[in-house]
Amino acid sequence: MNTVGIQRISLYTAPYYLDMDDFAAARGEDPEKFHVGLGQDDMSVLPPDEDIVTLAANAADPILREFDPKSITAVLFATESGIDQSKSAGAFVHGLLGLSNRCRVVELKHACYAGTAALQMAANMVRVNASEKVLVIASDVARYELGSPGEATQGCGAVAMLVTNQADILALETGTGYYTEDVMDFWRPNYRDTALVDGKYSTMVYLTALKHAWQSLIESRNLNYQDFARFCYHLPFGKMAVKAHGRLMKIAGLEANDDELTHVMGASLIYNRTVGNSYSASLYFGLTSLLETDTNNLANQRIGLFSYGSGCVGEFFTGIVGKDYQSHLYQASHHRLLASREKLSFSRYLSFYKQFGEVERSDNIELPVYTKGRFRLSAIRAHKRQYADQQRPR
Ligand code: CAA
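Criteria and cut-off values
- Residues numbered from 1 in each chain as written.
- Predicted model: local features only at pLDDT ≥ 70, side-chain atom pairs only at ≥ 80, totals over all residues.
- Heavy atoms only, no water.
- Core = buried A, V, L, I, M, F, W, Y, C linked by side-chain atoms within 4.5 Å.
- Buried < 20%, exposed > 50% of the residue type's maximum accessible area, 1.4 Å probe, protein only.
- Domains from an automatic or database assignment.
- Helix = DSSP H or I, 4+ residues; strand = E, 2+ residues; numbered from the N terminus.
- Expected span 1.5 Å × (residues − 1).
- Polar contact = N/O pair within 3.5 Å; in protein donor to acceptor, adjacent residues only side chain to side chain.
- Phe/Tyr/Trp six-rings, centres within 6.5 Å; stacked < 30°, edge-to-face > 60°.
- Lys NZ or Arg CZ within 6 Å of the ring centre and 35° of its normal.
- Axes fitted to C-alpha atoms, helices over the stretch in contact; angles between N-to-C directions.
- Parallel < 35°, antiparallel > 145°, perpendicular 65-115°, else oblique.
- Contact = heavy atoms within 4.5 Å.
- Nonpolar A, V, L, I, M, F, W, Y, C, P; charged D, E, K, R; others polar.
- Left-handed = near helix turned anticlockwise from the far one by under 90°.
- 1 Å grid on protein atoms, 1.4 Å probe; cavity = no way out; pocket = protein on both sides within 12 Å on 5 of 7 lines; lining within 4 Å.
- Points joined across faces, edges and corners; volume = space filled by probe spheres on them.

## Digging into the nonpolar core
Phase 1: Counting residues in each nonpolar core, the largest one holds 83 residues, and the members touching the most others are Ile9, Leu97, Leu135, Ile137, Leu170, Tyr284 and Leu287.
Phase 2: Each of domain 1 (5–171 + 330–389) and domain 2 (174–321) accounts for three or more of the residues forming this core.
Phase 3: The next biggest cluster of nonpolar side chains, apart from the first, holds 46 residues, and it includes Tyr179, Tyr233, Met249 and Phe346.

## Observations concerning helix H3 (residues 52–66)
Phase 1: Over its 15 residues, H3 runs 22 Å from end to end, which matches the ideal 21 Å to within 8%, given 1.5 Å per residue.
Phase 2: Burial within H3 is extensive, with 12 of its 15 residues counted as buried.
Phase 3: Within H3 the residues assigned to the buried category are Ile52, Val53, Thr54, Leu55, Ala56, Ala57, Asn58, Ala59, Ala60, Asp61, Ile63 and Leu64.
Phase 4: N-cap assignment for H3: the residue whose side-chain oxygen lies 2.9 Å from the backbone N of Val53 is Asp51.

## Regarding the environment of Pro149
Phase 1: Positionally, Pro149 belongs in the loop between strand E6 (134–142) and strand E7 (155–164).
Phase 2: Here Pro149 falls in the exposed class, since its relative accessible area comes to 79%.
Phase 3: Separated by 50 residues in the primary sequence, Pro149 and Gly199 have C-alpha atoms spaced 7.7 Å apart.

## Here we look at the packing of aromatic side chains
The relative placement of two aromatic rings is captured by the distance of their centres and the angle of their planes.
Phase 1: Summed over all chains, the structure comprises 18 aromatic pairs.
Phase 2: Note on Tyr225 and Phe231: the rings are 5.3 Å apart at their centroids and 20° apart in plane angle, and the pair reads as stacked. The same class applies to Tyr225 as to Phe231, namely buried.
Phase 3: Through pairs of rings, three or more aromatic residues link up here, namely Tyr206, Trp214, Tyr225, Phe228, Phe231, Tyr233, Phe306, Tyr308 and Phe316.
Phase 4: Between Lys87 and the ring centre of Phe92, over which it is positioned, the NZ or CZ distance is 4.0 Å.
Phase 5: Taking NZ or CZ as reference, Lys372 lies 4.7 Å from the ring centre of Tyr16, over its face.

## Here we look at the packing of helix H1 (residues 20–27) against helix H2 (residues 31–38)
Phase 1: Contact geometry for H1 and H2: axes closest at 7 Å, N-to-C directions at 130°. By the angle class used here, H1 and H2 are oblique. Listed contacts from H2 to Met20, Asp21, Phe23 and Ala24 of H1 are Pro31, Phe34 and His35.
Phase 2: Class assignment of the residues belonging to the contact of H1 with H2 gives a composition of 5 nonpolar, 1 polar and 1 charged.

## Concerning the packing of H3 against helix H4 (residues 89–97)
Phase 1: Running from amino to carboxyl end, H3 crosses H4 at an angle of 45°, the nearest separation of the two axes being 9 Å. By the criterion of interaxial angle, the relationship of H3 to H4 is oblique. Our pair here, H3 against H4, has a crossing hand that is right-handed. In this structure, H3 uses Ile52, Val53, Ala56, Ala57, Ala60 and Leu64 to contact H4, whose residues at the interface are Ala89, Phe92, Val93, Leu96 and Leu97.

## Describing the layout of surface pockets
Phase 1: Estimated volume of the largest pocket: approximately 1,000 Å³.
Phase 2: Lining the largest pocket are 40 residues; nearest its centre among them are Gly82, Ile83, Asp84, Gln85 and Arg188.
Phase 3: No other element matches helix H12 (residues 346–360), which puts 3 residues into the lining of the largest pocket.
Phase 4: Along the lines of polarity and charge, the residues of the lining of the largest pocket split into 14 nonpolar, 12 polar and 14 charged.
Phase 5: Counting residues domain by domain, the lining of the largest pocket receives three or more from each of domain 1 (5–171 + 330–389) and domain 2 (174–321).
Phase 6: Around the second largest pocket, the lining is made up of 38 residues, and of these Pro149, Thr153, Gly199, Thr203 and Phe237 lie nearest the centre.
Phase 7: Elements supplying a minimum of two residues to the lining of the second largest pocket: H1, H2, strand E11 (196–197), helix H6 (199–221) and helix H7 (238–251).
Phase 8: With 7 residues, the single largest contributor to the lining of the second largest pocket is H6.

Structure, rendered in structure tokens:
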């Protein structure tokens, strides 16, 4: 039996959010465009003293309270919103979490797909050497120009997954379906801290990649729609996944209907509705949401997961839920985290947004405390980012 896969999954998002009603009022839009049209109620907003490193370290923290940090053999860090052209964000996380020097660290990039590339690489590392304990982290801050159509689909968050040969949460099956095409649907040149996007085109390319990745999966594995209990999708906004599943059912020769959509993917959308886009982490926010909010016991059931990264790569893969998965989830602390976030006024959101840009362009800056997370970005001194552990006595 394949037992390689996700042993633990932990997520973290910023402790601040913007309500889409307030966003709609400020931008002169009908709130229903966001609640219904995009499937979003809120979006997490990053405070100035957090970045992809602190999001990642805060996400991984619960796993390393349960497992010896010195037992981690590799950190695979996936992100679209890198903070350095050279040093891996994973190296900062390695230091903050007190991991062993006998550990490898690397950062991976392909827009929102890199988290899945990291997960598959980690699983293969474990298949080759069963003693590997790989920490896969997907961490991102989704940022678009103020006033652009993309602004409503921002958000931030990180998901940390421990990948070992004891897949308590999800055993990864071998054999996946994938698709790559060189397109310009969403990109971010080095001189920008916000993404450029051809929005409508990006949604079409997403669906094209889905179709090909699905067909490649079912042909190579001899699977069909009925072999799946639930589906999770990359979540730039919830409605994208709903459209994707409708398209997939059509390709499978079935008629999409609301009951089926709610049954097979509704629970996977719940966390994203309030967090917003977290790029490489969003599929795994969806998986965590599914496992922690679906009212049925999904033990031993097959989940289909579609990962999409603009540019573009799509991969459809599958996993079998662990028989005792519910006792290994961090469900209560995730619910507390989401419920305890502070609502921002629109003007404070703008202030955080602008400060993010200032921090990105600074070589010397001290940052006051905003976050309630354990790890924070405290300063940049002489071009070097300084992080603080708020639980470590100074
Ligand atoms: N009540 C209900 N629904 C309403 C409404 C109202 N009052 N007003 C509008 N809507 C609906 C529209 O009909 C539309 O639904 P359909 O797509 O089903 O027709 C939906 O709300 C959105 O409205 P618009 O198309 O008018 O919205 P927009 O032009 O402002 O932009 C967007 C939408 C293109 C997705 C834009 O938000 C965007 O560019 N987002 C960033 C790009 C993105 O997320 N792409 C996804 C694929 S790429 C990817 O997945 C990678 C990644 O993470 C970025």
